[in-house]
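A closer look at the structure
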Amino acid sequence: MRALICGAGIGGLALAQRLTTSGWEVTVVERAPGPRQQGYMMDFFGLGYDAAEAMGLLPRLGELGYRLDDVSYVDSSGRRRASLDYDRFARLVDGRLLSIMRPDLERALREQVEGDIVLHYGRTLASVETLPDGVRAVLTDGTVLEADLLVGADGIHSQVRAMVFGPESRFVRYLGLHTAAYVFEDPHVRRQLGNRFAITDTVGRQMGLYALRDGRLAAFAVHHDPDPTIPDDTRAALRGTYSTLGWVVPRALERCPPPSELYYDLVAQVEVPQWHRGRVVLLGDACQAVSLLAGQGASLAVAGAYVLGQQLAAGGPVEDALARYQQAWKPIVEAKQEVGRRGAKWFLPSSRARLWLRRASLKLTALPGWDRIAGQGLVGKTHLSLTDIAADAARLSSMQSLALAEASGTKVPRAAARTSGTQARLEESDR
Ligand SMILES: Cc1cc2nc3c(=O)[nH]c(=O)nc-3n(C[C@H](O)[C@H](O)[C@H](O)COP(=O)(O)OP(=O)(O)OC[C@H]3O[C@@H](n4cnc5c(N)ncnc54)[C@H](O)[C@@H]3O)c2cc1C
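This write-up is about the structure you can find in this document.

So, about the packing of aromatic side chains. What the rule picks out here adds up to 4 aromatic pairs. Considering the side-chain rings of Tyr182 and Phe184, the 5.6 Å spacing of their centres and the 45° angle between planes classify their relative orientation as tilted. The same class applies to Tyr182 as to Phe184, namely buried. Ring centres of Phe197 and Tyr210 lie 3.7 Å apart, and the angle between their planes is 10°; this geometry places the pair in the stacked category. Within this pair, whereas Phe197 is found in strand S13 (residues 197-200), its partner Tyr210 is found in strand S14 (residues 205-211), the two being separated by 13 residues in sequence. Note on accessibility: Phe197 and Tyr210 belong to one class, buried. Above the ring of Tyr66, the side-chain terminus of Arg213 is found at 4.2 Å from the ring centroid.

Pasting the structure below:
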């Protein structure tokens with residue numbers, strides 16, 4: 001079987017790894033001219049961490065990743081106003097947590113498939129034709145590719161989604177924030193920051209800085225803006241919005257690269273009612289973006305790829321595997337999206353009162369019992385494992401066989417329940 005994956009990001013590369021292990025031939029097309037160098041620091045935990053372990057990826061992630069001590073919220077003179085104890089955060093997820101730069105996670109995933117897949121950089125899809133048993137795609141360089149499955153793993157502004165499922169406006173829910181990130185060098189800022197992760201303790205906009213082990217710094221910025229239009233000159237917009245935050249921020253902004261190298265986007269979630277159409281399926285942010293407010297998008301992209309790969313490896317009609325993937329995985333994503341939306345007001349306070357409340361609640365994290373409450377807020381109330389999800393999909397598979405047998409006129413007892421087990425368990429735990 002042949003798969004064409006659009007997007008060599010986290011989800012696309014993770015799926016490529018899963019498919020090659022079950023004998024698929026995989027071609028990936030990536031719009032960027034080469035592997036990404038710029039990016040941001042991400043927390044990586046939850047189901048994606050479990051999937052990474054099952055994929056044999058954890059040792060490499062351990063080498064490339066970081067263990068933070070704490071997160072400091074600092075005022076305009078760099079003084080600590082509040083902090084988040086990272087060890088306690090790690091304990092909430094049984095220590096199964098690391099922080100990793102997005103390009104490093106992509107690198108680890110790419111290393112796993114090097115030599116096993118065909119990867120075309122600097123190209124994308126010019127057109128897609130759906131066939132009864134597959135797709136025919138023409139790339140922007142004129143290459144024609146036929147495949148049994150086309151996967152749209154091309155992020156929040158997915159082109160595959162636009163070509164096959166409908167315009168972006170139908171699926172992207174803007175959350176009222178813009179975000180930006182870049183990596184830079186500045187020994188002075190590095191000395192001021194030390195070895196910590198610090199975020200400005202500010203209202204309506206905040207900038208965070210991480211010290212990387214090679215001496216560079218990773219900057220990350222987020223601000224409220226009711227207008228979902230991305231500015232033409234993103235660097236100028238960034239400087240205009242953040243330059244009065246004090247501390248080392250003006251100096252960090254001086255080192256901001258030109259717009260072509262700067263990551264700048266809207267903070268948004270993606271909600272697509274049907275993730276698959278014929279032999280085309282969506283994966284990762286293209287169908288399930290939870291936004292940086294949920295802090296789990298990359299983790300869920302890896303886990304979603306794992307679940308999809310598992311269903312495709314199970315054999316049977318491809319369309320049935322795609323249906324099982326959606327039924328078993330979508331309820332999990334929807335629960336995480338809700339957690340993300342609920343956390344928005346804490347992530348970036350919109351008033352001085354809310355800023356004060358955030359400081360106070362961070363102090364409460366030292367109290368006994370906090371772990372249990374925060375655990376629910378962070379990972380949701382439900383702790384489903386990949387094994388639970390696989391079992392659920394297997395149940396759906398036997399229901400599919402049941403339906404097929406019924407359709408062919410065979411008499412079979414109706415034992416299976418109609419709702420997805422994942423859905424039922426999510427509802428149960430939310431009661
Ligand atoms: C500032 C910030 C902080 C974040 N922090 C965290 C965190 O702490 N933890 C976490 O788990 N997640 C975090 N996330 C979310 C995470 O980065 C995303 O959810 C994740 O990258 C989604 O992976 P993906 O593979 O679906 O999409 P992407 O990583 O966006 O990859 C899509 C790929 O497709 C390519 N592409 C796009 N269009 C085309 C096209 N037309 N043709 C070919 N290729 C194309 C892109 O170049 C890219 O390589 C954060 C996001 C941001 C913005």
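The discussion continues.
If you check the shell around the ligand, you find 31 residues, and the closest are Glu30, Arg36, Tyr40, Thr124 and Gln159. A distance of 3.0 Å is found between a nitrogen atom of the ligand and a backbone nitrogen or oxygen belonging to Gly295. Contacts to the ligand include Gly297, whose backbone N or O atom sits 3.2 Å from a nitrogen atom. Protein chains bury 92% of the 990 Å² of accessible surface belonging to the ligand in isolation. Among the residues making up the shell around the ligand, the classes are represented as 12 nonpolar, 12 polar and 7 charged.

Next up on the list: the sheet that holds S13. One open sheet accounts for 7 strands, arranged S5-S4-S13-S14-S15-S12-S16; its pairing is mixed. The two strands at the open ends of the sheet, each matched to only one other strand, are strand S5 (80-85) and strand S16 (263-270). Averaged over all pairs of adjacent strands, the angle between strand axes in this sheet comes to 20°, irrespective of strand direction. Strands strand S12 (172-184), S14, strand S15 (217-224) and S16 of the sheet are contacted by helix H8 (residues 234-242), whose axis makes an angle of about 75° with S15. Lying on the sheet, helix H13 (residues 352-364) is in contact with strand S4 (70-74), S5, S13 and S14; it crosses S5 at an angle near 45°.

Let's shift gears to a nonpolar patch on the surface. Taken together, Trp346, Trp356 and Leu357 make up a surface patch of nonpolar side chains, about 330 Å² in accessible area. Residue position: Trp346 is located in helix H12 (residues 318-347).

Ordered in space as S8-S9-S10, the 3 strands form an open sheet in which the pairing is antiparallel. Strands with a single pairing partner mark the edges of an open sheet, and in this sheet they are strand S8 (125-131) and strand S10 (144-147). With strand direction ignored, the average angle separating the axes of adjacent strands in the sheet is 20°. Two strands pair when backbone bridges link them, and S8 and strand S9 (residues 134-139) are joined in this way by 6 bridges, in the antiparallel orientation. Paired with Leu131 across the strands is Gly134, a residue of S9.

Parameters and conventions
Residues numbered from 1 in each chain as written. Predicted model: local features only at pLDDT ≥ 70, side-chain atom pairs only at ≥ 80, totals over all residues. Heavy atoms only, no water. Phe/Tyr/Trp six-rings, centres within 6.5 Å; stacked < 30°, edge-to-face > 60°. Buried < 20%, exposed > 50% of the residue type's maximum accessible area, 1.4 Å probe, protein only. Helix = DSSP H or I, 4+ residues; strand = E, 2+ residues; numbered from the N terminus. Lys NZ or Arg CZ within 6 Å of the ring centre and 35° of its normal. Near = heavy atom within 4 Å. Polar contact = N/O pair within 3.5 Å; in protein donor to acceptor, adjacent residues only side chain to side chain. Areas by Shrake-Rupley, 256 points an atom, 1.4 Å probe, with all protein chains shown as cover. Nonpolar A, V, L, I, M, F, W, Y, C, P; charged D, E, K, R; others polar. Pairing = 2+ DSSP bridges. Axes fitted to C-alpha atoms, helices over the stretch in contact; angles between N-to-C directions. Contact = heavy atoms within 4.5 Å. Patch = residues over 30% accessible without salt bridge, like charges linked within 9 Å, V, L, I, M, F, W, Y side chains within 5 Å. Salt bridge = Lys/Arg side-chain N within 4 Å of Asp/Glu carboxyl O.

Everything listed here is a matter of coordinates, which is why it stays silent on function.
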